[in-house]
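# Structural features, examined
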Amino acid sequence: MTTKPPKTGLAGSYSHLTELPTPPKRPDAMKQRRHIAKADQILRSHHRNRPDVLVSGEGYLCYEAREARRSPRPDCIVSFGLSIPPEVIEDVANGYVISEIGKPPEFVLEVASESTGERDYTVKREIYASFSVKEYWRFDYTGGRFHDAPLAGDRLVGGRYEPIPVEEGADGIIRGYSAELELELHWNSGQLRFWNPATGEYLPDLIEALAALDLADLERDAAITQRDVAIAQRDAALARIQELEAELGRLQPED
């Protein structure tokens, strides 16, 4: 039997963390992937200045490390007020062991898939409640074909989950408020969006940010071209004035 070398550096300061196994891939993971990656990227960016906040997912979430292979692997988790650096939890623990980290995550999100959809709103709902996860949200990009609803959330009250109010507006957007994230989750044309009530705007994703940057570059280039054209027109006008003044001087009668 081989033994692992002792952890060094930052990892050595948290040697009590168990390195969990990497979960196997789901058969239909590709259909979920873009929605999971988008949620992860948006929430990581939103909390990028908070060193005590972990945004992660797709690793095992368990109470004890020995329970990992029998435990769920949520698509996205958010945990606030951590005493362990988030990068250590991701790089060293390779998952989230509640007893070792000292607290459960406040927010868990599952994205629907055909293979796990029913389990998300039945078995996993009970598991996350038993872990004391304050909020558990479910998003179904198909509009409810795999889950029991396009968008649903639960909040822990007295050790049990109670549904979070979710409404559909006249615009077809389905909305629910996450008190833990202080954001609204929106089901918008099959996309999961995060609305910030404080700013009255959606949290931007990377693709939107790049598109906005491209547009800003185009507008800057157009403004520079406009400026250059105006300068050229001014210079041409000044040159023409000088020509006319010179011609007028030649036409003046001599005394």
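Residues numbered from 1 in each chain as written. Predicted model: local features only at pLDDT ≥ 70, side-chain atom pairs only at ≥ 80, totals over all residues. Heavy atoms only, no water.

### What to know about the overall build of the protein chain
Scanning the protein chain for helices and strands turns up seven helices and 13 strands. For the protein chain, buried positions account for 40% of its 255 residues. By element, 53% of the accessible surface of the protein chain is carried by carbon and sulfur atoms, the whole surface being about 15,000 Å². (Helix = DSSP H or I, 4+ residues; strand = E, 2+ residues; numbered from the N terminus. Buried < 20%, exposed > 50% of the residue type's maximum accessible area, 1.4 Å probe, protein only. Areas by Shrake-Rupley, 256 points an atom, 1.4 Å probe, with all protein chains shown as cover.)

### Thoughts on the pairing of strand 3 (residues 76–79)
Side chains of strand 3 alternate between two faces, with C76 and V78 and I77 and S79 buried alike. When strand 1 (residues 54–56) meets strand 3, the two strands line up antiparallel, connected through three bridges. From the neighbouring strand, S56 faces strand 3, where its bridge partner is I77. Here strand 3 pairs with strand 5 (residues 107–111) via three bridges, running antiparallel. Bridging from a neighbouring strand, V78 pairs with F107 of strand 5. (Pairing = 2+ DSSP bridges.)

### Details of the sheet that holds strand 13 (residues 201–202)
Here we have five strands laid out as an open sheet, ordered 9-10-11-12-13, and antiparallel in their pairing. Two strands lie at the open edges of the sheet, namely strand 9 (166–168) and strand 13, each paired on one side alone. Across five bridges, strand 11 (residues 183–188) lies against strand 12 (residues 191–196) in antiparallel orientation. Its bridge partner lying in strand 12, N188 is registered against Q191.

### Some details on the layout of surface pockets
Within this model, the largest pocket holds a volume of roughly 520 Å³. Along the walls of the largest pocket sit 27 residues, with T22, P23, G57, E58 and G59 positioned nearest its centre. Going through the elements one at a time, helix 2 (29–46), strand 1 and helix 3 (86–93) are the ones with two or more residues in the lining of the largest pocket. Examining the composition of the lining of the largest pocket, we find that five residues originate from one element, helix 2, more than from any other. Of the residues assigned to the lining of the largest pocket, the class counts are 13 nonpolar, seven polar and seven charged. Contributing to the lining of the second largest pocket are R44, H47, R48, R50, P51, V53, L54, V55, P86, E87 and E90. Elements represented by at least two residues in the lining of the second largest pocket include exactly strand 1 and helix 3. Looking at which element gives the most residues to the lining of the second largest pocket, the answer is helix 3, with three residues. Residue composition of the lining of the second largest pocket, by class: five nonpolar, one polar and five charged. (1 Å grid on protein atoms, 1.4 Å probe; cavity = no way out; pocket = protein on both sides within 12 Å on 5 of 7 lines; lining within 4 Å. Points joined across faces, edges and corners; volume = space filled by probe spheres on them. Nonpolar A, V, L, I, M, F, W, Y, C, P; charged D, E, K, R; others polar.)

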